[in-house]
Amino acid sequence: KKEFKKDPIMIAANHRGFLDPFLMVSTFYFKRVGIIATKELFNTKLKKALFTGFRAIYIDKDNVSIKTFKAVNETIKDGHSVGIFPEGTIVHDKDQEICEFKAGVIMMAMMAKTIIYPIYFAKRDHWWQRQRIYVGERFDILSYTDGKKPSGEKMAEIAEILRQKVIELHWC
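Reading the values: rules and limits
Residues numbered from 1 in each chain as written. Predicted model: local features only at pLDDT ≥ 70, side-chain atom pairs only at ≥ 80, totals over all residues. Heavy atoms only, no water. Helix = DSSP H or I, 4+ residues; strand = E, 2+ residues; numbered from the N terminus. Rg over C-alpha atoms; globule rule 2.2 N^0.38 Å. Buried < 20%, exposed > 50% of the residue type's maximum accessible area, 1.4 Å probe, protein only. Contact = heavy atoms within 4.5 Å. Pairing = 2+ DSSP bridges. 1 Å grid on protein atoms, 1.4 Å probe; cavity = no way out; pocket = protein on both sides within 12 Å on 5 of 7 lines; lining within 4 Å. Points joined across faces, edges and corners; volume = space filled by probe spheres on them.

Peer 1: Looking at this structure, how should I read the overall build of the chain?
Peer 2: Along its length, the chain carries 7 helices and 6 strands. The helix and strand sequence of the chain, counted from the amino end, reads α-β-α-β-α-β-α-β-α-β-β-α-α. Relative to the globule expectation of 16 Å for 172 residues, the C-alpha radius of gyration of the chain, 15 Å, shows essentially globular dimensions. The principal-axis extents of the C-alpha atoms in the chain amount to approximately 45 × 40 × 35 Å. For the chain, buried positions account for 42% of its 172 residues. Intrachain contacts of the chain at a sequence separation of at least 6 include 62% that bridge at least 24 residues.

Peer 1: Where do I start with the pairing of strand 1 (residues 10-13) in this structure?
Peer 2: A regular strand places its side chains so that they alternate between the two faces of the sheet. Where burial is concerned, the two faces of strand 1 agree: the one with Met-10 and Ala-12 and the one with Ile-11 and Ala-13 are both buried. In the sheet, strand 1 pairs with strand 5 (residues 116-121) via 4 bridges, with the strands oriented parallel. Across the sheet, Ala-12 pairs through a bridge with Pro-118, a residue of strand 5.

Peer 1: Mind showing me how you'd approach the layout of surface pockets here?
Peer 2: Which parts of space are left empty comes out when a probe the size of a water molecule is rolled across the atoms. There is about 670 Å³ of room inside the largest pocket. Taken together, 29 residues line the largest pocket, and the ones lying closest to its centre are Ile-36, Ala-37, Thr-38, Lys-61 and Gly-88. Broken down by secondary-structure element, the contributors of at least two residues to the lining of the largest pocket are helix 2 (20-27), strand 2 (33-38) and helix 5 (104-112). For the lining of the largest pocket, the element with the most residues is strand 2, which contributes 4 residues.

In structure tokens, the structure reads:
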């Protein structure tokens, strides 16, 4: 907990269900965490008010804008942390553990000059079972880039390494 309190961070997690953003925020209750959320969650006044109150950052997955990256950067600059689900969607398939991570998470962390903490939400068979959440070691992107701006291919490789870190948490 001490380690997390110092600086703003990015939190990258697998996405199992609609409660995941709330679980992420409650796991890091001692930090201000804004969640990156898809535009469909802002389609009514009630939802918009709810997610804006939770400091959600709007993203249009079909037409990703630099505004989202700037909003993430500003959130980190303001001393808040950002939570993201790099799969880009909720994974309902019971056979598929974790989908491919989008490279945008790497670009966002690089632009904000922050580190990422991977977390894993374990699958529950029944709603009454306790939710297990595993938090991994810090993932410093700069150690994979040699201080240079990586190509799109290199960012996809780093995103895959991050995905593997989340998968490793499954076996803790």
